[in-house]
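Residue-level structural notes
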Amino acid sequence: VQLQASGGGLVQSGGSLRLSCKASGMLFKINGMGWYRQAPGKQRELVADISTGGNANYADSVKGRSTISRDNAKATVYLQMDSLKPEDTAVYYCNRGLGYAPASYWGQGTLVTVSS
């Protein structure tokens, strides 16, 4: 399984980013998918999860500011992040979602840096 996240960057507080993650080596459409993040010195945490049917759940920290979506034809999961805050600064990864065994290799992730 390969997971290639992209779309991160440096943005000012209040800005927006759209992250993408292309998955290969797995049957994408039968897997729930999630976006995770790991800030410096902190554990990796799940920020958003989307089921095979498109039902989404969000961590309280991003609820109302983020939208997860998926395109099964492209085997890609997206995370639209708006009203970004400095505390959103982290490396963002995608992987299988809640209830699914995560792929062992998480990929490089994509770095999001939000300046105040």
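Our subject is the structure listed above.
Along each chain, residues carry numbers from 1 onward, in the same order as the chain's sequence is written. Owing to the predicted nature of the model, reporting of local features is limited to residues with pLDDT of at least 70; listing and counting of side-chain atom pairs is limited to 80 or more, with chain, interface and lining totals taken over all residues. Derived side-chain values reflect all non-hydrogen atoms in the structure, with water molecules and hydrogen atoms excluded from consideration.

Salt-bridge detection follows one rule: a side-chain nitrogen of Lys or Arg within 4 Å of a carboxyl oxygen of Asp or Glu. Applying the stated criterion to the full structure yields four salt bridges. Glutamate 45 is the partner of arginine 37 in a salt bridge, and the nearest nitrogen-oxygen pair spans 2.8 Å. Among the ionic contacts, a cluster of salt bridges with common partners joins Arg37, Glu45, Arg65 and Asp88.

Attention now goes to the pairing of strand β1 (residues 2-6). Here β1 shows one buried face, formed by Leu3 and Ala5, and one open face, formed by Gln2, Gln4 and Ser6. Note on pairing: two strands pair once DSSP finds at least 2 bridges between them. Numbering of helices and strands starts at the N terminus; helices are DSSP runs of H or I of at least 4 residues and strands are runs of E of at least 2. Taken together, the five bridges between β1 and strand β3 (residues 17-24) define a ladder with antiparallel strand orientation. Residue pairing across strands places glutamine 2 opposite serine 24, the latter belonging to β3. Exposure categories follow from relative accessible area, calculated using a 1.4 Å probe and restricted to protein chains: below 20% of the type maximum is buried, above 50% is exposed, and the middle band is partly exposed.

A few words on the sheet that holds strand β9 (residues 90-96). The strand order across the open sheet formed by six strands is β2-β10-β9-β4-β5-β6, and the pairing between neighbours is mixed. Whereas interior strands pair on both sides, the edge strands pair on one side only; in this sheet they are β2 (9-12) and β6 (56-58). On average, adjacent strands in this sheet sit at an angle of 25° to one another, irrespective of strand direction. As a rule, the C-alpha atoms of each element are fitted with a line to give its axis, helices using only the stretch in contact, and angles between N-to-C directions run from 0 to 180 degrees.

Another aspect to go through is the packing of aromatic side chains. Geometry of aromatic contacts follows a simple scheme: Phe, Tyr and Trp rings, the Trp one being its six-membered ring, pair when their centres are within 6.5 Å, and the pair is stacked under 30 degrees between planes, edge-to-face over 60, tilted otherwise. If you walk through the whole model with that rule in mind, you get two aromatic pairs. Look at tyrosine 36 and tryptophan 106: their rings are 4.9 Å apart centre to centre, the planes differ by 85°, and that puts the pair in the edge-to-face class. One end of the pair, tyrosine 36, is in strand β4 (residues 33-38); the other, tryptophan 106, is in the loop between β9 and β10 (110-115), with 70 residues separating them in the sequence. Residues tyrosine 93 and tryptophan 106 carry aromatic rings whose centres are separated by 6.2 Å and whose planes lie at 85° to one another, so their mutual orientation is edge-to-face.

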